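The primary structure of each chain is shown beneath.
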Amino acid sequence: MAAAYRGRFAPSPSGPLHFGSLVAALGSCLDARAHGGAWLLRIEDVDTPRNVPGAEAAILRTLEACGFEWDGPVLRQSGRLEAYAEALERLKADGFAYPCACSRKEIADSATRPAIDGGLAYPGTCRTGLPPGRSPRAWRLRVDDRPVAFDDRLQGQVVQQLERDVGDFVLRRADGLFAYQLAVAVDDHFQGISDIVRGADLLDSTPRQIRLLGCLGYPVPRYAHLPVAANAAGEKLSKQTRAPAVDAARAADELVGALRFLGQPAPAELGRAAVRDVWSWARENWSFAAIPRRRAISLPA
């Protein structure tokens, strides 16, 4: 018997909900409902310097105004630090994690190739032990040259060789905060997530999460990475690119725009209907097969 479907939407409270986030929320929610599954909400606030006061409350208000209904209480990463610490201790004990003394400047000076996500592949300086007289700054996961491959429901087969494409990656940062990769892997297991539907901007992170799940002995979910919304310059909509917030007063119209972005032929007049009517149409007409198999789609100026 197949495991029950459990999906999730996991925004970071670094700013208001924008159109790209609405697309991810809608796609993940409708896929869960189409499978008769649960849809959970997680606030990924572990990166505290990026958190904006009031952003979480604004995100929740916008989701509610747009008619989203999630199952169970909201999970917040800020309340899960003990779980991340326990997972890190397991990785240390099993020989997967090691301390690193390198600063960003030292990595920049010694790295020989870029990482797949635009940074620098860690050159392995501290793999065999800390240099004499140095203290640990961060903790990293030891990777190897075995390929990590998975079949994405939208983007097809993805293959990464972590040693070449990323290098040993950070689990706990020099500032003491737990890294996103560790927190998300631990939380997806804790919440029993079977299916992850999210933006394709996270596609390159997925092999790291799969490797972490394997090291921790956790099952790997199915993945589907939706095309991300980009501005006319081809930049992903984000706080950094000054993406406007979703207008809760125009919730129905915003939802119709997100449905059309996802390839669903929602009629334009539905944008003037009640929010509940938009959801009724979306549930009755949802077609996963209609979602464009692309990493990004630029919106009109």
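Note: the structure precedes this text.
The sections below set out a description of the structure shown in this document. Throughout this description, residue numbers start from 1 for each chain and increase along the sequence as written. Side-chain atom pairs in this predicted model are given and counted only at pLDDT of 80 or more, local residue features only at pLDDT of at least 70, and totals for whole chains, interfaces and linings cover all residues. In computing side-chain properties, one takes all heavy atoms of the structure into account and sets aside hydrogens as well as water.

### Remarks on the overall build of the protein
Next up, step 1: Along its length, the protein carries 9 helices and 12 strands.
Next up, step 2: In this description the radius of gyration comes from C-alpha coordinates, and the expected globular size is given by 2.2 Å times residues to the power 0.38. Radius of gyration (C-alpha) of the protein: 20 Å, near the 19 Å computed for a compact globule of 301 residues.
Next up, step 3: In terms of overall dimensions, the protein has a C-alpha envelope of 70 × 45 × 35 Å along the principal axes.
Next up, step 4: Relative accessible area decides the class of each residue, using a 1.4 Å probe on protein chains only: under 20% of the type maximum gives buried, over 50% gives exposed, and in between gives partly exposed. Split into buried and exposed, the 301 residues of the protein put 51% on the buried side.
Next up, step 5: Considering only intrachain contacts with a sequence separation of at least 6, the fraction spanning at least 24 residues in the protein is 76%.
Next up, step 6: For the protein, the exposed surface amounts to about 14,000 Å²; the carbon and sulfur share of it is 52%.
Next up, step 7: In this tally Asp and Glu are treated as negative and Lys and Arg as positive; neither His nor the chain ends contributes. By convention, charge coordinates are those of NZ in Lys, CZ in Arg, CG in Asp, or CD in Glu. In the protein, 38 positive and 35 negative side-chain charges are present, and the distance between their average locations comes to 3 Å. Strands here mean DSSP runs of E at least two residues long; helices mean DSSP runs of H or I at least four residues long; both are numbered from the N terminus. Contact definition: two residues touch when any of their heavy atoms are within 4.5 Å. Here the open area of atoms and residues is found with the Shrake-Rupley method and a 1.4 Å probe, where only the protein chains shown may cover a residue.

### Digging into the side chain of Gln155
Next up, step 1: Mapped onto the elements, Gln155 comes out in the loop between strand 6 (147-152) and strand 7 (156-161).
Next up, step 2: Polar contacts, as counted here, are pairs of nitrogen or oxygen atoms within 3.5 Å of one another; within protein the pair requires one atom able to donate a hydrogen and one able to accept it, and residues that are adjacent in sequence qualify only if both atoms are side-chain atoms. Among the polar contacts made by the side chain of Gln155, one reaches the main-chain carbonyl oxygen of His225 at a distance of 2.8 Å.
Next up, step 3: Every residue in contact with Gln155, bar those within four places of it in the chain, is listed here: Ala200, Leu203, His225, Leu226, Pro227, Arg293, Arg294 and Arg295.

### Structural notes on the sheet that holds strand 4 (residues 97-100)
Next up, step 1: The criterion for strand pairing is that DSSP finds at least two bridges linking the strands in question. The strand order across the open sheet formed by 3 strands is 4-5-8, and the pairing between neighbours is antiparallel. Edge strands, defined here as strands with exactly one partner in the open sheet, are strand 4 and strand 8 (169-172). Shown here is a sheet whose adjacent strand axes are inclined to one another by a mean of 45°, direction ignored.
Next up, step 2: Bridging between strand 5 (residues 138-141) and strand 8 involves 3 bridges; their strand directions are antiparallel. In the sheet register, Arg140 faces strand 8, and the bridge partner there is Val170. Axis definition: a line fitted to C-alpha atoms, limited for helices to the stretch in contact. Angles are taken between N-to-C directions and run from 0 to 180 degrees.

### A look at the pairing of strand 10 (residues 222-226)
Within a regular beta strand, the side chains point alternately toward one face of the sheet and then the other, so they alternate between its two faces.
Next up, step 1: Among the 5 residues of strand 10, 4 are classified as buried, and the element is accordingly described as predominantly covered.
Next up, step 2: Bridging between strand 9 (residues 195-199) and strand 10 involves 5 bridges; their strand directions are parallel. Across the sheet, Asp195 pairs through a bridge with Arg222, a residue of strand 10.
Next up, step 3: In the classification by handedness, the crossover that spans strand 9, the intervening helix 7 (residues 206-216) and the parallel strand 10 is right-handed. Here a crossover is taken to be right-handed if, once the strands point away from the viewer, the path from the first strand over the helix to the second is traced clockwise.

### Observations regarding the nonpolar core
Next up, step 1: To form a nonpolar core, buried Ala, Val, Leu, Ile, Met, Phe, Trp, Tyr and Cys residues must be joined to one another through side-chain atoms within 4.5 Å. In this structure, Phe9, Leu22, Leu26, Leu63, Phe68, Leu255 and Leu259 are the most contacted members of the largest nonpolar core, which totals 45 residues.
Next up, step 2: Breaking this core down by element, the ones donating at least two residues are helix 1 (19-34), strand 2 (38-43), helix 2 (55-65), strand 10, helix 8 (251-261) and helix 9 (275-285).
Next up, step 3: In terms of residues, this core owes the most to one element, helix 1, which gives 9 residues.
Next up, step 4: One finds Ala83, Val158, Ile193 and Tyr218 within the second-largest nonpolar core, a separate group that totals 33 residues.

### Focus: the packing of helix 6 (residues 180-190) against helix 7
Next up, step 1: Viewed as axis vectors pointing N to C, helix 6 and helix 7 meet at an angle of 60°, and their least axial separation amounts to 9 Å. Taken together, helix 6 and helix 7 sit at an angle that is classed as oblique. The element helix 6 and its partner helix 7 pack so that their crossing is right-handed. Residue-level contacts link Tyr180, Gln181, Leu182, Val184, Ala185 and Val186 of helix 6 to Arg208, Gln209, Leu212, Leu213 and Leu216 of helix 7.
Next up, step 2: When residue character is reported, Ala, Val, Leu, Ile, Met, Phe, Trp, Tyr, Cys and Pro are called nonpolar, Asp, Glu, Lys and Arg charged, and the others, Gly included, polar. By residue class, the composition of the contact of helix 6 with helix 7 is 8 nonpolar, 2 polar and 1 charged. Orientation categories follow fixed angle ranges, with anything under 35 degrees roughly parallel, anything over 145 roughly antiparallel, 65 to 115 roughly perpendicular, and all other angles oblique. Should the near helix be turned anticlockwise from the far one by less than a right angle, the crossing is termed left-handed; should it be turned clockwise, right-handed.

### A few points about the packing of helix 3 (residues 81-93) against helix 7
Next up, step 1: Contact pair helix 3 / helix 7: the axes reach a minimum separation of 10 Å and the direction vectors enclose 75°. With respect to their mutual orientation, helix 3 and helix 7 come out roughly perpendicular. Across the interface between the two elements, Ala87, Arg90 and Leu91 of helix 3 pack against Leu212, Cys215 and Leu216 of helix 7.
Next up, step 2: By residue class, the composition of the contact of helix 3 with helix 7 is 5 nonpolar, no polar and 1 charged.

### Description of the packing of aromatic side chains
Next up, step 1: Here a Phe, Tyr or Trp ring, Trp counted by its six-membered ring, pairs with any other such ring whose centre lies within 6.5 Å, and the pair is stacked when the planes are under 30 degrees apart, edge-to-face when over 60, and tilted otherwise. With the rule as written, the count across this model stands at 6 aromatic pairs.
Next up, step 2: An aromatic cluster is present here, built from Phe9, Trp39, Phe68 and Trp279 joined pairwise through their rings.
Next up, step 3: For a Lys NZ or an Arg CZ to count as sitting over a ring, it must be within 6 Å of the ring centre and within 35 degrees of the ring normal. For the cation-ring pair, Lys92 lies above Trp139, with the distance from its terminal atom to the ring centre recorded as 4.0 Å.

### A short note on helix 7
Next up, step 1: The buried fraction of helix 7 is high, at 10 of 11 residues.
Next up, step 2: Buried within helix 7 are the following residues: Thr206, Pro207, Arg208, Gln209, Ile210, Arg211, Leu212, Leu213, Cys215 and Leu216.

### Describing the pattern of salt bridges
Oppositely charged side chains can form a pair if their charged atoms are brought close together.
Next up, step 1: Each salt bridge in this description consists of a side-chain nitrogen of Lys or Arg and a carboxyl oxygen of Asp or Glu lying within 4 Å of one another. Under the criterion given, the structure shown has 23 salt bridges.
Next up, step 2: Close ionic contact of Arg33 with Asp71 constitutes a salt bridge, the shortest N to O distance being 2.9 Å. Here the residue Arg33 occupies a position in helix 1, and Asp71 occupies one in the loop between helix 2 and strand 3 (75-76), the gap between them amounting to 38 residues.
Next up, step 3: Judged by relative accessible area, which is 23%, Arg33 ranks as partly exposed.
Next up, step 4: Taking relative accessible area as the criterion, Asp71 reaches 31% and is therefore assigned partly exposed.
Next up, step 5: For the salt bridge of Arg80 with Asp187, the shortest nitrogen-to-oxygen distance reads 2.9 Å.

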